[in-house]
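# A look at the structure
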Amino acid sequence: MIRIDGSSGEGGGQILRSSLGLSLATGKAFRIENIRAKRERPGLLRQHLTAVLAASEVGGAQVEGAALGSKTLTFIPGTVRPGKHRFVIGTAGSSTLVFQTILPALMLASGPSQITIEGGTHNQAAPPFDFLEKCFLPVINRLGPKVRVNLERYGFYPAGGGSFNATVEPCERLSPTDLIERGEITRRSVVAIVANLSPGIARREIETVAHLLNWDKEYMQIVETRNSVGPGNVVLIEVGTSTGMAELFCGFGRLGASAESVATEAVKEARTYIASEAAVGEHLADQLLLPFALAGGGAFTASKLNRHARTNMDVVSTFLPVRFETREESGYTKVEVSRAT
């Protein structure tokens, strides 16, 4: 039984999600205490409980402590069960984070899977659906599996109610890959999405991005939708390169934040990435550690390694015999993943 301290490092929900994903993929049981100890509301919230229940269903696991507010959980995985699964969060909690919890096991499973998850699709402090589709999954597909996603309905905070479908065609083993050179920037786009809100918000966001990045209006697009339970707004800045990589930077509309400030938040992240010359951005770097470790190797350059990522390295190393080597170079951090000897 692996013991995990949920208050270590960054002390958030990622420690739990990574532990669940690794447990399913390796067959190793774990017990975690002090779940989300460094958060304002510690313990399992609805989103985290859905991730536990999803992992339990996919992995035929025995679970103790799966209840709202629980700060301790014991998880004993069984046999991974590919096939059709549907999970409903019931709040605006991130559906993409629930999907990333069960994906490691499904992409190495004995058969294909069809997954439907309902909840938040565009949440602050979580990868939005567009990031999953355009940035994270293209790298996963380089490792061997074939994963495709389709957005059915937007889900913004606080209403939630979003939905997306995923198909996972697994592979026998993951193939290591390197993402070192970013290449030339060959594609730029800015999309401002407004759900059940005035398109004027999106116009102000696009004008702000165009001014701050000095990009032509031809790169800008406004999407108005009523395919959402509640109101919502997000501005997405996409940067594509000659190596086929893409990065996405987001600003989320919310009460008390002007359209200009929301756009400026996304621009700030985009500028940091562009100036770094790294292949992947801060958030994608964090999310690649687990799949690269399962592949047994690989390397990438990142614009930044945050505390989230360094905590994730510690969790991954608890389940897998891997070593992470990081080296600061001019303009970026290089991360190398290898099997521990």
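Further up the page is the structure itself.
## Focus on the sheet that holds strand β5 (residues 84-88)
With mixed pairing, the 4 strands of this open sheet are ordered in space as β5-β6-β8-β7. Among the strands making up the open sheet, the edge pair consists of β5 and β7 (146-153). For this sheet, the mean angle separating the axes of adjacent strands, direction not counted, is 15 degrees. Two strands pair when backbone bridges link them, and strand β6 (residues 113-119) and strand β8 (residues 162-169) are joined in this way by 7 bridges, in the antiparallel orientation. Note on β8: the bridge partner recorded for Ile-117 is Phe-164. Against the sheet, helix α3 (residues 95-106) makes contact with β5, β6, β7 and β8, and its axis sits at roughly 160 degrees relative to β6, the strand it touches most.

## Focus: the sheet that holds strand β12 (residues 232-241)
Two pairing modes exist for strands in a sheet, parallel and antiparallel, and in both the strands are linked by backbone hydrogen bonds. What the 4 strands build is an open sheet, ordered β11-β10-β12-β13; its pairing is mixed. Each of the sheet's edge strands pairs with one partner strand only, and the pair in question is β11 (220-225) and β13 (246-252). With direction set aside, neighbouring strand axes in the sheet form an average angle of 20 degrees. Two strands pair when backbone bridges link them, and strand β10 (residues 185-195) and β12 are joined in this way by 10 bridges, in the antiparallel orientation. Its bridge partner being in β12, Arg-187 is matched across the sheet by Gly-240.

## Description of helix α8 (residues 307-319)
Taking 1.5 Å of rise per residue, the 13 residues of α8 would be expected to cover 18 Å, and the 19 Å separating its terminal C-alpha atoms lies within 8% of that figure. The set of residues buried in α8 consists of Ala-309, Thr-311, Asn-312, Met-313, Val-315, Val-316 and Phe-319. For α8, the secondary structure elements touched by its buried residues are β1 (2-5), α1 (13-26), β2 (30-33), α7 (282-295), β15 (322-329) and β16 (332-339). For α8, the side-chain oxygen to backbone nitrogen distance between the N-cap and His-308 is 3.2 Å, and the N-cap itself is Asn-306.

## Topic: unusual backbone geometry
Along the chain, Tyr-157 connects to Pro-158 via a cis peptide bond; the corresponding omega equals 5 degrees. Structurally, Pro-158 is set in the loop between β7 and β8. Located in the positive-phi region is Arg-36, a residue other than glycine, with phi close to 55 degrees. Among the secondary structure elements, Arg-36 is positioned in the loop between β2 and α2 (46-59). When its relative accessible area of 8% is taken as the criterion, Arg-36 is described as buried. A positive phi is found at Glu-277, a non-glycine position, where the angle reads about 70 degrees. Within the secondary structure, Glu-277 sits in the loop between α6 (259-276) and α7.

## Considerations on the packing of helix α4 (residues 129-142) against α7
Closest axis-to-axis distance for the α4/α7 pair is 10 Å, and the angle between their directions is 35 degrees. By crossing handedness, the relation of α4 to α7 is classed as right-handed. Counted together, Phe-131, Cys-135, Phe-136, Val-139 and Ile-140 of α4 and His-283, Leu-284, Gln-287, Leu-288, Pro-291 and Phe-292 of α7 form the full contact between these two elements. Split into classes, the residues belonging to the contact of α4 with α7 amount to 9 nonpolar, 2 polar and no charged.

Calculation rules
Residues numbered from 1 in each chain as written. Predicted model: local features only at pLDDT ≥ 70, side-chain atom pairs only at ≥ 80, totals over all residues. Heavy atoms only, no water. Pairing = 2+ DSSP bridges. Helix = DSSP H or I, 4+ residues; strand = E, 2+ residues; numbered from the N terminus. Axes fitted to C-alpha atoms, helices over the stretch in contact; angles between N-to-C directions. Contact = heavy atoms within 4.5 Å. Expected span 1.5 Å × (residues − 1). Buried < 20%, exposed > 50% of the residue type's maximum accessible area, 1.4 Å probe, protein only. Polar contact = N/O pair within 3.5 Å; in protein donor to acceptor, adjacent residues only side chain to side chain. Left-handed = near helix turned anticlockwise from the far one by under 90°. Nonpolar A, V, L, I, M, F, W, Y, C, P; charged D, E, K, R; others polar.

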